[in-house]
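# Residue-level structure breakdown
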Amino acid sequence: RRSAQEKRGRGVREESKTEMSTRKAQAEETRRRILDVAVEAFSAQHYDDVAVGDIAASAGVAHGLLFHYFKNKRGLYLAAMEEAAREFQEAHRTDPDLPPGAQMRQRFYNQFAFLARHRGLAMRLVLGGRGADPEAWAFFEEQRWREIDRGCEALGLDPEKPAVRMMLRGAAAAADAVAAYWHANGQPFDVTALTDVLFEQTIVALKGAAELDSTLKSAVDKAIKQLRADT
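Residues numbered from 1 in each chain as written. Predicted model: local features only at pLDDT ≥ 70, side-chain atom pairs only at ≥ 80, totals over all residues. Heavy atoms only, no water.

## Some details on the overall build of the protein chain
Along the protein chain, the regular secondary structure elements total ten helices and zero strands. Sequence-ordered secondary structure for the protein chain, helices as α and strands as β, is α-α-α-α-α-α-α-α-α-α. Across the 231 residues in the protein chain, those meeting the buried criterion constitute 40%. Taking as baseline every contact in the protein chain between residues at least 6 positions apart, the subset at least 24 positions apart corresponds to 68%. (Helix = DSSP H or I, 4+ residues; strand = E, 2+ residues; numbered from the N terminus. Buried < 20%, exposed > 50% of the residue type's maximum accessible area, 1.4 Å probe, protein only. Contact = heavy atoms within 4.5 Å.)

Here you go:
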């Protein structure tokens, strides 16, 4: 009898765990759906013009559920910008089997593709920069530094060197501005040609770092040789 009761107890507990897991998955799916809609809404319109009720309706959820997950409109906005920054980072991922130079070109190409899907975001944040919204910009800035750190690691460069950080961050900012301007003005140039130009601009930035800090010359020369190989 005790064994049967224990089995029933285990069954109830397992069923309860399954239900909890299902509810958790459903809640996460709902939150994800809200964020997807919010990213699109805040990309298409200025913050003040976005109605939380419209986001709820588009996501197919009750208006109050947004506040359950995000507390207020500002909380939803920042969560959406953090999600957009994460998507921005994911968009920059490349085939690790490609040589470094080809990976860099692929990252530039992917950046144009991402910003084409989120044109409003490009205009207000990427081009607007920190002045557009410091809190939201911080998510993209963090992503940018991760990209720089990852690129330096692949090329054998020390990302903590001030000359390297300054020149590569400047090159990244220029690439952002080029992409945003390109989208705002009817995409007047071929993407492949633009990626070639931005690639060469990065080479110039690395050379500039070596000019500013002569101790970097050997490492920079080696990095540039890697980038130019098989591209």
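Picking up where we left off.
## Focus: helix α5 (residues 100-117)
With 18 residues, α5 should reach 26 Å at 1.5 Å per residue; the first-to-last C-alpha distance of 26 Å fits that figure. Here α5 has its buried residues at Gly 101, Ala 102, Gln 103, Met 104, Arg 107, Phe 108, Asn 110, Gln 111, Phe 112, Phe 114 and Leu 115. (Expected span 1.5 Å × (residues − 1).)

## Comments concerning unusual backbone geometry
One non-glycine residue, Lys 71, adopts positive backbone phi at about 75 degrees. Inspection of the secondary structure assignment puts Lys 71 in the loop between α3 (63-70) and α4 (73-91). For Lys 71, a relative accessible area of 72% corresponds to the exposed category. Phi is positive for Gln 187, close to 50 degrees, though the residue is something other than glycine. If you trace the backbone, Gln 187 turns up in the loop between α8 (162-184) and α9 (191-212). With a relative accessible area of 41%, Gln 187 lands in the partly exposed category.

## Observations concerning the packing of aromatic side chains
Enumeration according to the criterion identifies six aromatic pairs in this entry. Here Tyr 69 and Phe 70 contribute two aromatic rings whose centre-to-centre distance is 6.2 Å and whose plane-to-plane angle is 50 degrees, an arrangement assigned as tilted. A relative accessible area of 24% means that Tyr 69 is categorised as partly exposed. Taking 5.1 Å as the distance between ring centres and 90 degrees as the angle between the ring planes, the aromatic pair formed by Phe 112 and Trp 182 counts as edge-to-face. A residue pair is termed long-range when its members are at least 10 positions apart, and Phe 112 in helix α5 and Trp 182 in helix α8 qualify at 70 residues. By relative accessible area, which is 2% here, Phe 112 ends up buried. A connected cluster of aromatic rings, assembled from ring pairs, spans Phe 42, Tyr 47 and Tyr 77. Taking the ring centre of Tyr 47 as reference, the NZ or CZ of Lys 73 above it sits at 4.4 Å. Above the plane of the ring of Phe 199 lies Arg 105, whose end atom (NZ or CZ) is 4.0 Å from the centre. (Phe/Tyr/Trp six-rings, centres within 6.5 Å; stacked < 30°, edge-to-face > 60°. Lys NZ or Arg CZ within 6 Å of the ring centre and 35° of its normal.)

## So, the environment of Ala 51
As for its placement among the helices and strands, Ala 51 is situated in the loop between α1 (2-44) and α2 (52-59). For Ala 51, a relative accessible area of 33% translates into the label partly exposed. In this structure, the C-alpha to C-alpha distance between Ala 51 and Ala 38, residues 13 residues apart in sequence, is 9.9 Å.

## Points about the pattern of salt bridges
Oppositely charged side chains can pair when the atoms bearing their charge come close. For the coordinates displayed, the defined rule picks out 15 salt bridges. Across the pair Arg 107 and Glu 147 runs a salt bridge whose closest N-O atoms are separated by 3.7 Å. Highlighted residues: Arg 107 in helix α5 and Glu 147 in helix α7 (residues 134-155), separated in sequence by 40 residues. Summarising the burial analysis for this pair, Arg 107 and Glu 147 share the class buried. Salt-bridge contacts for Glu 160 lead to Arg 165; the nearest nitrogen and oxygen are separated by 3.7 Å. Given a relative accessible area of 55%, Glu 160 falls into the exposed group. Here the residues in one salt-bridge network are Arg 32, Glu 83 and Arg 86, joined through shared partners. (Salt bridge = Lys/Arg side-chain N within 4 Å of Asp/Glu carboxyl O.)

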